[in-house]
Amino acid sequence: MKSIKIFLSLIFALSAAMGFSQNPDSANLPKKPINIKLCYNSTLIYGGARAGAEFQVKAVSASRIRKSGRESFYVKELLIGPTLSWYHHPGFHDNVYLTICSIWRRTKSTCFFTEFSPEIGYSRTFLGGTTYLVNGSGRVSVEKLAGYNYAFLSIGEGFGYDFSKSKSLPLMICLKINMMAMYPYNSTLYLRPAMEAGFIYKLRDEK
Amino acid sequence: MKSKLVVGILILILAACQKETISMGTGESQTFYVDSNGASMRVLVEGNLISHVFLIFVHGGPGSSSLPYNTEYISQHLENKYGIVYLDQRNAGASQGNFNGSGLNLTQMTTDLRNIILVIKKRYGDDSRIFLLGHSFGGLLTASYLTTYYIDGMVNGWLFVDGSHNYPLNDTLTREKLLNTGNEQIYLKKHVKEWQEIVTWCNDHPGNFTLDQSHQMESFAGAAETYIDEVTQIDPVASNMGLALKEQWPLTSMLMNYLYTSNAAFIKDLYKTSFSSQLKRVKVPTLLLFGEYDFTCPLGLGDDIFNRIGTLDVSMGISYKSGHEMMFQDPEFFCREVAGFIELHR
């Protein structure tokens, strides 16, 4: 019960963060870009979803001279934000995880970008079937919302395309591979690869 | 508004996770979990549940999984007759938990098995007929259960397939079989180089084996059956790949659990464990099945059970084309013997 309360508190915290732009106090803050991300989240062949917000912490424009002598321009950004994800593995578990994500994104002048993102957070699994508990005297009962809490880490590499630069659409598409780790899973580490594909909507672009 | 939406979606997800209707058809596939001292063990029940006969596969390892037993052949020849229970032991396969390594011992695993039988009886009815099938390490676990809870009377039959109930005797018999077969094969000029290495090692290690030596022999035993022409050779990767996708195996969970459990501290206790002296407590009908070329658990272990068990209703079957994995190497023989035994004692 305690874990459920913690979990719901985190959900509300995320919801508040996602509604950040509607906060009257936000008018006093520097106008930095905010993105909303919505992705299909797949672990191997098992589907799920992923939603989050990205707040720009810093952005640097830079250029470098290629071997050909041409100068290429790019923008390096650091973004931070909460992400709520879920996948469904039938018969095994449903996993809901809330993370804080740091994203190092590098967007070229061609509008293509690459990114690297470590995440840290909390995972709650829900077992993939009715769960029974047997007490010392052999009495069997059904356990509601059975599952486990885990510390969660993930590292991801991805790429995408930013339409806001080429077509003035406040939208990006992205594809990313993540390797997630949960601990303590049966006294050891649980690893699982995941793939996300989706859209990033630019709620507020640079002023 | 957004927060309400998120919470609403979440409630729907959670409700979907736990909803289940227990049906009793002829082609069922049902998954449930049994919580026991920090571990949630996955139980997959497939097949004909109208029969009210349940055959529980207790897998080997420790640390492997019951999921590979769920082959097409077993589906067609056993699941059509009975409910087949593919159980993943604690810290194995699809079983889940947090810090539960302290519960990883034979006593707790024996209690877990009892809890799972209680749940099956509760879920499918007290009139359910329960048969325990122990393979490899599962032989030790089922022997532990049947010599501990022998007065419970919840089990109607014991099937012991390429299993071990006495690890020290197991090591002695494995060495003996490797040595005898090795010398024969060298005489026949078959895989001389490989057998020579095994025979030399066995000659250098006559007894009082350490855990490392026991593991070395297990490794030789696994390799040895691949040197025998009569044994049906199986490619575990090729034969499991399709099954893994179809049955939605949690592959990384199976791998991480295996790596942890196969190196856990309780392995040191296991290799000195024996139930030979307690077998007279076992009164249930028993079928002993061994591969003629099983070096890992040689059929001498079956002779020991046959001579010591507390029932006269005991029989032994030998497959002449299998080693340690009879259900994959000689599935026709395996299914025929298992079904024949259950029909006699259901």
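None of the values given here were measured: they were computed from a predicted structure. (Residues numbered from 1 in each chain as written. Chains lettered and ligands numbered in written order. Predicted model: local features only at pLDDT ≥ 70, side-chain atom pairs only at ≥ 80, totals over all residues. Heavy atoms only, no water.)

J.: Looking at this structure, how should I read the overall build of chain A?
T.: Helix and strand counts for chain A come out as 2 helices and 10 strands. Listed N to C, the secondary structure of chain A is α-β-β-β-β-β-β-β-β-α-β-β in terms of helices and strands. Here chain A displays about 10100 Å² of accessible surface, and carbon together with sulfur accounts for 64% of that area. (Helix = DSSP H or I, 4+ residues; strand = E, 2+ residues; numbered from the N terminus. Areas by Shrake-Rupley, 256 points an atom, 1.4 Å probe, with all protein chains shown as cover.)

J.: It is not clear to me how the domain arrangement of chain B should be interpreted in this structure. Could you clarify?
T.: Where interface size is given, it is often the accessible area lost as the parts come together that is meant. All names here are of chain B. What the domain assignment reports for chain B is domain 1 (24-166 + 234-345) and domain 2 (171-225). Each of domain 1 and domain 2 has a C-alpha centre, and the two are 27 Å apart. The interface of domain 1 with domain 2 comprises 15 residues on the first partner and 17 residues on the second. With both chains or domains summed, domain 1 and domain 2 bury close to 1200 Å², and 65% of this area falls on carbon and sulfur atoms. When the buried surface of domain 1 facing domain 2 is broken down by residue, Tyr271, Phe295 and Thr296 rank first, second and third, together holding 55% of it. Our count for the domain 1 to domain 2 interface comes out at 0 salt bridges. Inspection of the domain 1/domain 2 interface yields 7 residue pairs in polar contact (both at pLDDT 80 or more). Elements supplying a minimum of two residues to the side of domain 1 that touches domain 2: helix H10 (266-270) and helix H11 (300-308). Classifying every residue of the side of domain 1 that touches domain 2 gives 6 nonpolar, 5 polar and 4 charged. (Domains from an automatic or database assignment. Contact = heavy atoms within 4.5 Å. Buried area = accessible area lost by both parts, 1.4 Å probe. Salt bridge = Lys/Arg side-chain N within 4 Å of Asp/Glu carboxyl O. Polar contact = N/O pair within 3.5 Å; in protein donor to acceptor, adjacent residues only side chain to side chain. Nonpolar A, V, L, I, M, F, W, Y, C, P; charged D, E, K, R; others polar.)

J.: What exactly am I supposed to notice about the interface of chain B and chain A here?
T.: The interface of chain B with chain A comprises 43 residues on the first partner and 48 residues on the second. For the pairing of chain B and chain A, the buried interface totals around 4000 Å² over both sides, and the portion due to carbon and sulfur atoms is 59%. Inspection of the region where chain B meets chain A yields 0 salt bridges. Applying the counting rule to chain B against chain A returns 27 residue pairs in polar contact (both at pLDDT 80 or more). At the level of secondary structure, the elements contributing two or more residues to the side of chain B that touches chain A comprise helix H1 (2-18), strand S1 (28-36), strand S2 (39-47), strand S5 (96-97), helix H3 (106-124) and helix H9 (251-261) of chain B. The greatest single-element share of the side of chain B that touches chain A, amounting to 9 residues, is contributed by H1 of chain B. Here the side of chain B that touches chain A is built from residues that sort into 20 nonpolar, 17 polar and 6 charged. Pairing of strand S6 (residues 130-134) of chain A with S1 of chain B involves 4 bridges; the strand directions are parallel. In the strand pairing of S1 of chain B, Thr131 of chain A is matched with Tyr33 of chain B. (Pairing = 2+ DSSP bridges.)

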